[in-house]
Amino acid sequence: MTQAGWRLEGPDGFDDADWELIESRGLLMGGHLVHGERRFPVIVYDPYRLTQDIEAETNGGGIFYEANVIAVQDLSRATAEATVSRLAAAGFLDWMLG
């Protein structure tokens, strides 16, 4: 559990071995920010993978759009959870509860 009651959950059935794969890919899809009974979809990227995906989508005039994206320097379970904790403590997630 992070500060202010927020926590990060991976997709259903997600385990420690899945986090190793996420670290190598630089992308967590299907995650959720959870506060009490409320769940909000979230995608967590490392900067390298985010840049790759943006370039791939915008080549030829396309558009990159993803709601609720968080970028962290090095994607691991520890950094992703710590980032959610920092965002919650600073009040950046409060708007979702409004």
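For the structure, check the block above.
Because the structure is predicted, anything quoted here is derived from the model rather than measured.

Chemist: Which parts of the structure should I look at to understand the nonpolar core?
Modeler: If you look at the biggest cluster of nonpolar residues, it comprises 17 residues, and the most contacted ones within it are W6, L8, L33 and V44. Secondary structure elements with two or more residues in this core: β1 (6-9), α1 (16-25), β2 (27-35), β3 (38-45) and α3 (77-89). Here L8 is in contact with W19, L28, H32, L33, V42, A80, E81 and V84, once residues within four sequence places are set aside.

Chemist: Help me understand unusual backbone geometry in this model?
Modeler: Outside of glycine, negative phi angles account for most residues, and trans bonds account for most peptide bonds. In this model, N68 sits at a positive phi of 55°, which is unusual for a non-glycine residue. The residue N68 is located in the loop between α2 (47-58) and β4 (69-71) in this model. Classification of N68 as partly exposed rests on a relative accessible area of 27%.

Scoring rules and cut-offs
Residues numbered from 1 in each chain as written. Predicted model: local features only at pLDDT ≥ 70, side-chain atom pairs only at ≥ 80, totals over all residues. Heavy atoms only, no water. Core = buried A, V, L, I, M, F, W, Y, C linked by side-chain atoms within 4.5 Å. Buried < 20%, exposed > 50% of the residue type's maximum accessible area, 1.4 Å probe, protein only. Helix = DSSP H or I, 4+ residues; strand = E, 2+ residues; numbered from the N terminus. Contact = heavy atoms within 4.5 Å.

Scope: geometric values only; no functional claims are made or implied.
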